[in-house]
Amino acid sequence: MKQAELVLDRRFEVGEADKRIFGSFVEHMGRTVYGGIYQPGLEASDEEGLRTDVLDLVRELQVPIVRYPGGNFISGYQWEDTVGPKKERPTRADSAWQSIETNEFGLNEFMSWCKKAGTEPMMAVNLGTRGADDAKNVLEYCNFPGGTYYSDLRRKHGVEAPHGVKVWCLGNEMDGPWQIGQKKPVEYGHLVSQTARLMKTVDPRIELVACGSSAYTMSTFGAWETGVLEECYNDVDYISLHAYFGKYTGDTGDFLACPVEMERYIRDAIAVCDSVGVRKHSRKKINLSFDEWNVNYHFRYPNAEPQEWRTWYLTSHCYEEFLMKASMKPPKKQRAFWTQAPRLSEDIYTMEDALAVGGMLIVLLRHADRVKIACQAQLVNVLAPIFTSDEGVMRQTIYYPYLHASRYGRGTVLDTRVQSPCYMSQIYGPVPCVDAVAILQPNGESLVILALNRDGKGTMLGCDLRQFEGWRVAEHIVLSDDDRLAVNTIENPDRVLPRTVTGEATLDGGKLSAKLKAYSWNVIRIEKSAE
Ligand code: AHR
């Protein structure tokens, strides 16, 4: 059996994990909102039309922050359409997803949903078709106590107390050719600077996220961030990163290596931000908001909705490139466009997708010193851990690593080094079979190791834990399945489930030995023994 070793010292920390790295994303796209978090008339929905079955799972995940309302959708968003009496709200043609938007669910409904979900909103402003003035107005509507036009409008709409939204995204993927109102880096950076200054006059406590590249693979990555930050370094707090990974070669090993690329992306983004800071002789650091990340490829297969293909295909150069690389063709079937809540990007995730997601969560935690916000995209139905039908709701495979990381990833991330045998990925080069990160829980009496085995055989993981004398293995949770392509469905929601195993992880004489099953995600909890 292969052997891997974790090396850690409780005195060497990466830092406190910001709980907001376990965030998520709700966009007006497909069935995320309509049929996802909001579906009036269902037995499972409350008096506001909010699905309580979905709310239960969001609370179980303990999602700390949710980005809203887009995504590409934000670049044509007219926020004032979405507030006030529902009957008076206009129906609009949403050009981002070529869908009908009734605005039945709007800004105040989202804030109410956040309260019920126990989460914090992270709002985006439209810098595609709109600008600084509009950003200031929506902030005034949300955060100003009263006595001004927009704050009084909110009160007139029945919301007396300000929403107090702290984090604001300044546009979305403004480098992308598919984006409504795509911009040049200097142009966008200047707009961000002006917008940020104006917004901070209304509420100086807010935190602002400027758009970084929409993917690591964008040919402008690096140059974009430099150009933007040269203009707005002192005005913003974070730069965003977005990444979606797929099973491009069809090979499991290649696919499970994708967190390696996520890590390169993070390191390179930090280098670019810091190089601008150095040139500006600034002590300030720009932190990272990885506000869209996930596995995303199933929808591209032939049974996907052509609407989706059209949206991406007609507007985006990189998707043509992607198609060529992956030797894939868009599906031929046709259907009507401009419907409300079409089925877009409804990836049904496999067991191995859950492993890739686990690997990404390890990477995010390992960079907890600079990644302060991260949002898995998205929360419900669209590329999501939660999936609904009129009949019910289910936890997708990727739900579980998210749940474990959110539950056990809060605390002090230790500088965890992994010595592991490697395999060669065609796309990413040499990749360690095992990756892991250790987190000392806030009570200081529990150490959690999150570990991924990308190998097709079991691997023994060892770790010298003599610093934790007298501690014991309290629990070893494993997510694995003999069928790497197994999925959960509404009909069979518990096909892939994490299980607590006994006897596979031991701590004797300060030495941890854990057997990691082939292709598995593991949570090993080590606790101080009761005296
Ligand atoms: O999450 C789906 C879409 O992917 C978002 O709208 C966009 O920002 C990204 O390209």
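Residue numbering note: each chain is counted from 1, following its sequence as written. Reporting of local features is limited, given that this is a predicted model, to residues whose pLDDT is at least 70; pairs of side-chain atoms are given and counted only at 80 or more, and all residues count toward the totals for whole chains, interfaces and linings. Side-chain descriptors were evaluated using all non-hydrogen atoms of the structure, hydrogens and water having been removed beforehand.

Topic: the overall build of the protein chain
Secondary structure is summarised from DSSP: a helix means a run of H or I of at least four residues, a strand means a run of E of at least two, and numbering begins at the N terminus for each. Tallying secondary structure elements over the protein chain gives 12 helices and 26 strands in all. On C-alpha atoms alone, the protein chain measures out to a radius of gyration of 23 Å, which is about the 24 Å that the 2.2 N^0.38 rule sets for 531 residues. Principal-axis analysis of the C-alpha atoms places the extent of the protein chain at approximately 70 × 55 × 50 Å. Each accessible area is a Shrake-Rupley result for a 1.4 Å probe, and residues are judged covered by the shown protein chains and nothing else. Here the protein chain has roughly 20,400 Å² of accessible surface; of this, 50% comes from carbon and sulfur atoms. Every radius of gyration here is taken over C-alpha atoms, with the globule rule written as 2.2 Å times N^0.38, N being the number of residues.

Quick word on the packing of helix H2 (residues 107-117) against helix H3 (residues 132-143)
Relative orientation of the contacting elements H2 and H3 amounts to 45°, with a least axis distance of 12 Å. Between H2 and H3, the angle is such that the two are oblique. Considering how the two elements wind past one another, H2 and H3 form a crossing that is right-handed. In this structure, H2 uses Leu107, Asn108 and Met111 to contact H3, whose residues at the interface are Val138, Tyr141 and Cys142. Fitted lines through C-alpha atoms serve as axes, helices being fitted only where they are in contact, and the angles separating the N-to-C directions of these axes extend from 0 to 180 degrees. What sets the label is the angle itself: under 35 degrees gives roughly parallel, over 145 gives roughly antiparallel, 65 to 115 gives roughly perpendicular, and the rest give oblique. A clockwise turn of the near helix away from the far one marks a right-handed crossing, whereas an anticlockwise turn of less than a right angle marks a left-handed crossing. Any two residues having at least one pair of non-hydrogen atoms within 4.5 Å are treated as being in contact.

So, the site of the ligand
Surrounding the ligand, one finds 12 residues, the nearest of these being Glu27, Asn72, Glu173, Tyr244 and Glu292. Between the ligand and the protein, one listed contact pairs an oxygen atom with a side-chain N or O atom of Glu292 at 2.7 Å. Pairs of N or O atoms are called polar contacts if they sit within 3.5 Å, as long as, within protein, a hydrogen donor faces a hydrogen acceptor (for residues adjacent in sequence, only side-chain-to-side-chain pairs). Separating an oxygen atom of the ligand from a side-chain N or O atom of Gln378 is a distance of 3.1 Å. Out of a free accessible area of 280 Å², the ligand has 96% covered by protein chains. Charged means Asp, Glu, Lys or Arg here, nonpolar means Ala, Val, Leu, Ile, Met, Phe, Trp, Tyr, Cys or Pro, and polar covers whatever is left, Gly included. The residue inventory of the shell around the ligand, partitioned by class, reads five nonpolar, four polar and three charged. The cutoff for a nearby residue is simple: one of its non-hydrogen atoms must lie within 4 Å of the molecule or strand.

Here's the deal with empty space enclosed by the protein
Each cavity reported here is a set of points on a 1 Å grid over the protein atoms alone in which a 1.4 Å probe fits but cannot get out, each pocket an open set with protein on both sides within 12 Å along at least five of seven lines, and each lining residue one with an atom within 4 Å of a point. Grid points are joined across faces, edges and corners, and a volume is the space filled by probe spheres set on the points. Taken as a whole and assessed by the stated rule, the structure comprises four cavities of 30 Å³ or more. Considered as a void within the structure, the largest cavity measures approximately 110 Å³ in volume. Contributing to the lining of the largest cavity are 15 residues, with His28, Met29, Gly30, Ser99 and Glu101 lying nearest its centre. Here the lining of the largest cavity takes three residues from strand S6 (residues 99-101), the largest share from any one element. Looking at the lining of the largest cavity residue by residue, the class counts come to eight nonpolar, five polar and two charged.

Quick word on the pairing of strand S26 (residues 520-528)
Using a 1.4 Å probe on the protein chains alone, a residue whose accessible area is under 20% of its type maximum counts as buried, one over 50% counts as exposed, and one in between counts as partly exposed. With respect to burial, S26 is a largely interior element, seven of its nine residues being buried. Two strands form a pair only when DSSP identifies at least two bridges running between them. Across eight bridges, the pairing between strand S20 (residues 446-453) and S26 is antiparallel. Along S26, the bridge assignment pairs Leu452 with Trp521. One ladder, built from eight bridges, connects strand S22 (residues 471-479) with S26; its direction is antiparallel. Pairing of Leu479 across the sheet is with Trp521, part of S26.

A short note on the packing of aromatic side chains
To pair, rings of Phe, Tyr and Trp, with the six-membered ring standing in for Trp, must have centres within 6.5 Å; the planes then decide the type, stacked if under 30 degrees apart, edge-to-face if over 60, and tilted in the middle. This structure, assessed with the given rule, holds 16 aromatic pairs. Summarising the aromatic geometry, the rings of Tyr149 and Tyr150 are spaced 4.8 Å apart at their centres and angled 85° between planes, so their arrangement reads as edge-to-face. Taken together, the ring pairs in this structure connect Tyr34, Tyr38, Tyr68, Phe105, Phe110 and Trp113 into an aromatic cluster. The ring of Phe387 carries the charged tip of Arg31 above its face, separated from the ring centre by 5.5 Å. Note on criteria: charge over ring means Lys NZ or Arg CZ within 6 Å of the ring centre, with the direction from the centre no more than 35 degrees off the ring normal.

What about the sheet that holds strand S8 (residues 167-170)?
Strand order in the closed barrel formed by eight strands is S3-S4-S7-S8-S9-S10-S11-S12, and the pairing between neighbours is parallel. On average, adjacent strands in this sheet sit at an angle of 30° to one another, irrespective of strand direction. When strand S11 (residues 287-295) meets strand S12 (residues 371-377), the two strands line up parallel, connected through four bridges. Among the inter-strand pairings, Trp293 is bridged to a residue of S12, identified as Gln376. Helix-sheet contacts for helix H5 (residues 185-202) involve strand S7 (120-125), S8 and strand S9 (207-210), and the interaxial angle to S8 is about 150°. Packing against the sheet, helix H8 (residues 258-279) makes contact with strand S10 (238-245), S11 and S12, and its axis sits at approximately 160° to S10.

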